[in-house]
Amino acid sequence: MMNEIILNSHNKNLIKKKRFWNTSLIVLLLIGIVLSSKIIDTNISDLFNGITRLGDYISKILPSLELNNLFLGSKDQGSIAYWYFNISKYLKLLFETFNMALLATMTGSILALFLSFLAAKNTSPNSLLFFSIRRMLEFFRGVPEIIFAILFVWVLGIGPLAGIIAITIHTTGSLGKLFSEVYENSNNRPIEALKASGGNWLSEMKFGLLPQVLPNLISYALLRFEINIRASTILGFVGAGGIGQELYLVINFNYYEEVSAIILLIILTVISIDLLSGHIRKNIIGFDND
Amino acid sequence: MTNQEIVMLNPKIFSPLWKRSPIKIVVFLIIFSYLIFSIKYFNISITELINDLNKMKPILISMITWNDFLSWNFNSILVGILQTLAMAFLGTVAASVISVPLGLIASRQVIKINLFRFIIRRFLDFIRGVDILIWALIFVRAFGLGPLSGVLAIFVADTGTLSKLYSEAADNSDNKQIEGLVSSGSTKLSTIRFGLLPQVMPIFISQSLYFFESNSRSAVILGIVGAGGIGLQLSERMKAQYWDQAFFIIIIILIMVAIIDKLSRFLREKLIND
C-alpha cells in the first residue's frame, strides 16, 4: 500500500516535470519563431507560398523529354541530346572544376602537413609558434571559402586561380587542425626512442611520427577532396572559375532546362567522387572517418 | 657490431628507396607530373602570381587600419547578424518539422515496403546533392532578393539531410518497445507515438540543434547571392572596397559562430545527459 503511494506520487512528479520541460521548450520555440519572423519581416504564409512556388520553378526547369524522341539528335525537341546540347562546354567546365578541387586539395594538404607539426601540442618546438599557428589555422577555416574567393577575384581577376587559392586556404585551415589532432593522439614511444638515440626534431617527425599517422592523414585529405569538389562547383558564383559560373549565368537568364542539366551533372559528379573516394578510404587505406 | 654487420642483418631496410618501395616513387611521380600538368592547364605563372599577390599588400593594410571606425554603420551590421540568426533559426525549425514525418516514413521501422522507402531516399539524396548556395540562387531568382529566399534555401537543403539523419535514428531504435506495443494490440499510430518517438526525440532535437549551429555558418554566405543576412552586408562592402569594414564584419562573424558553437554544444550535452 505504502509502496503504491510512493510510486504514484513519484510518477506524478515525473509527469509534472516532463510537462514543465515540454511546455517551456514549446514556448521558447514559439517566441523564437515570432521574433525571427519579425526580424526578417515575414510570416508563415509567406513560407508556405514560397514552397508552393518552388514547385512551379522545379516543373519549369525539368526538361520536356518525350519518350519516342529520347535518343534522337540534338536538333529534335524532347531528346536527351536536345536537353544536353551544350554538353561539351559543361564537360570542359566540369573538368576545370575537378582540377580546381584536386590542385587545391594537394597544395592545401602539403601546406597543412608543414603547419600541423607546429600546431600540435606534442610536436610543436615552440609554444609561441604553437599558439600563433593555431590562431592562424582557425582564421583560415573559420572564414568561408567564398569570402576568400571574392577577395582573390578582386586581386587576381576572374578565373579559376582565385577559386584555387580560396579553397587552398580553407583546406590548409581545416586539414591543419585535423592533422595536428592526429599527432596529438599518436603513440609517443617511437618519438621517444628516436630522441633517446640522438635524433633531431626533423628525424623524430619523419621516422617516429609520420609512418604511424600517414594513412590517417591521406584519408582526411581524401575526405577533404570530396568537400572541395562541392565547394568548387559553387565558387563560380562570384567569378572564381568552374561550372558554377555557367550555372550562375543560366539561373539568372532563366534558361530553365539548362539549369536542370547542369545541376544533374553536378550531382552525378559529386556522388561518383564521393563513392570513389569512399571506396579508396575504406578498402585501400583501411580508414573510414565517416 | 660494425655497420657492415647491421646492414647485413637488415638488408631490406638499407636497400635503396626504389627497391624498397617502388609504389612510393610512382605515387610521387604521379603527383609531381599532375602538378606540372595543372600549372600548364590553369596557365599559372609563378612570377605573375607573386606580382598579383603583391597587390594584396595595400588591401591587407587597409583591412587593419580602422581610421573612421566611429562613423561606420553599425546598425546595418547588427541587423545583418540578427537576420542571419533568424534565417538559420526559421530554416532549421521548418526543416525539422517537416523532417519528422519524412524521416519516419523513410525509416524501415515504420514503412516495410522497400520500393517506397527507396524512392523517398533517392529523392532526399537528390535534395542533398544540390548545394545550399545553389538553392539560394534559385530562390532569389524565383522570389526576389531578401532573407525569405535564404530561409527557404536552408529549409530545403536541411530537409534533405535532416530527414536522412532522422530516418537513420529511427532505423537504429530499439525494437523491443515497439514489439511490446504491437503485441498488446495498439494501433500503428500509437505504436509510433509511444514506442518509437520517445526513443528518437532526444536524438532528433540534438541533431536539429547541431544543424542550427551549422546553418548559422551557411546563412552567412547566403547573402552573397542576395539572400539576405550579414553576407549581403559583407559582400557589398567588399565590392565597394571598404576592406576595413569587411574585415570587421568577418571578425564579428567568427565571434558569432564561436558563441553559437559553445552554446549549442552545451545544450546538446545537457540534452544527452538527461
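Bear in mind the structure is a predicted one, so any value in this text is a computation, not a measurement.

Scanning chain A for helices and strands turns up 11 helices and zero strands. Listing every helix and strand of chain A by position from the N terminus yields α-α-α-α-α-α-α-α-α-α-α. Compactness check: chain A gives a C-alpha radius of gyration of 27 Å against a globular reference of 19 Å for 290 residues, more than 25% above the reference. Taking the principal axes of the C-alpha coordinates as reference, chain A spans close to 75 × 75 × 40 Å.

All of the buried residues in helix α10 (residues 243-252) of chain A are A:I243, A:G244, A:E246, A:L247, A:V250 and A:I251. The buried side chains of α10(A) occupy one side of the element, clustering within an arc of 155 degrees when seen end-on.

Attention now moves to the packing of helix α2 (residues 44-61) of chain A against helix α8 (residues 132-143) of chain B. The interhelical angle for the contact between α2(A) and α8(B), taken along N-to-C directions, is 95 degrees, at an axis separation of 10 Å. By the angle between their directions, the pair α2(A) and α8(B) is classed as roughly perpendicular. Across the interface between the two elements, A:G50, A:R53, A:L54 and A:Y57 from α2(A) touch B:W135, B:I138, B:F139, B:R141, B:A142 and B:F143 from α8(B). Taken together, the residues that form the contact of α2(A) with α8(B) break down as seven nonpolar, one polar and two charged.

Segmenting chain B into domains produces domain 1 (3-44) and domain 2 (73-273). For domain 1 of chain B and domain 2 of chain B, the distance between their C-alpha centres works out to 46 Å.

Glancing now at the packing of aromatic side chains. Applying the stated criterion to the full structure yields 26 aromatic pairs over all chains. Their ring planes at 75 degrees and their centres at 5.7 Å tell us that B:F74 and B:F248 sit as a pair that is edge-to-face. Separated by 174 residues along the polypeptide, B:F74 in helix α6 (residues 74-105) and B:F248 in helix α13 (residues 243-273) bring together distant segments of the chain. With a relative accessible area of 13%, B:F248 lands in the buried category. Taking the centre distance of 6.1 Å and the plane angle of 90 degrees together, the rings of B:F89 and B:F212 count as edge-to-face. Taken together, the residues span a long stretch of sequence, with B:F89 in helix α6 and B:F212 in helix α11 (residues 188-222) at a distance of 123 residues. Of the two residues, B:F89 and B:F212, both sit in the buried class. Three or more aromatic residues joined by ring pairs form one cluster here, namely A:F95, B:Y34, B:F37, B:Y41 and B:F42. Above the ring of A:F131, the side-chain terminus of A:R135 is found at 4.7 Å from the ring centroid.

Rules of the game
- Residues numbered from 1 in each chain as written.
- Chains lettered and ligands numbered in written order.
- Predicted model: local features only at pLDDT ≥ 70, side-chain atom pairs only at ≥ 80, totals over all residues.
- Heavy atoms only, no water.
- Helix = DSSP H or I, 4+ residues; strand = E, 2+ residues; numbered from the N terminus.
- Rg over C-alpha atoms; globule rule 2.2 N^0.38 Å.
- Buried < 20%, exposed > 50% of the residue type's maximum accessible area, 1.4 Å probe, protein only.
- Arc of directions from axis to C-beta.
- Axes fitted to C-alpha atoms, helices over the stretch in contact; angles between N-to-C directions.
- Parallel < 35°, antiparallel > 145°, perpendicular 65-115°, else oblique.
- Contact = heavy atoms within 4.5 Å.
- Nonpolar A, V, L, I, M, F, W, Y, C, P; charged D, E, K, R; others polar.
- Domains from an automatic or database assignment.
- Phe/Tyr/Trp six-rings, centres within 6.5 Å; stacked < 30°, edge-to-face > 60°.
- Lys NZ or Arg CZ within 6 Å of the ring centre and 35° of its normal.

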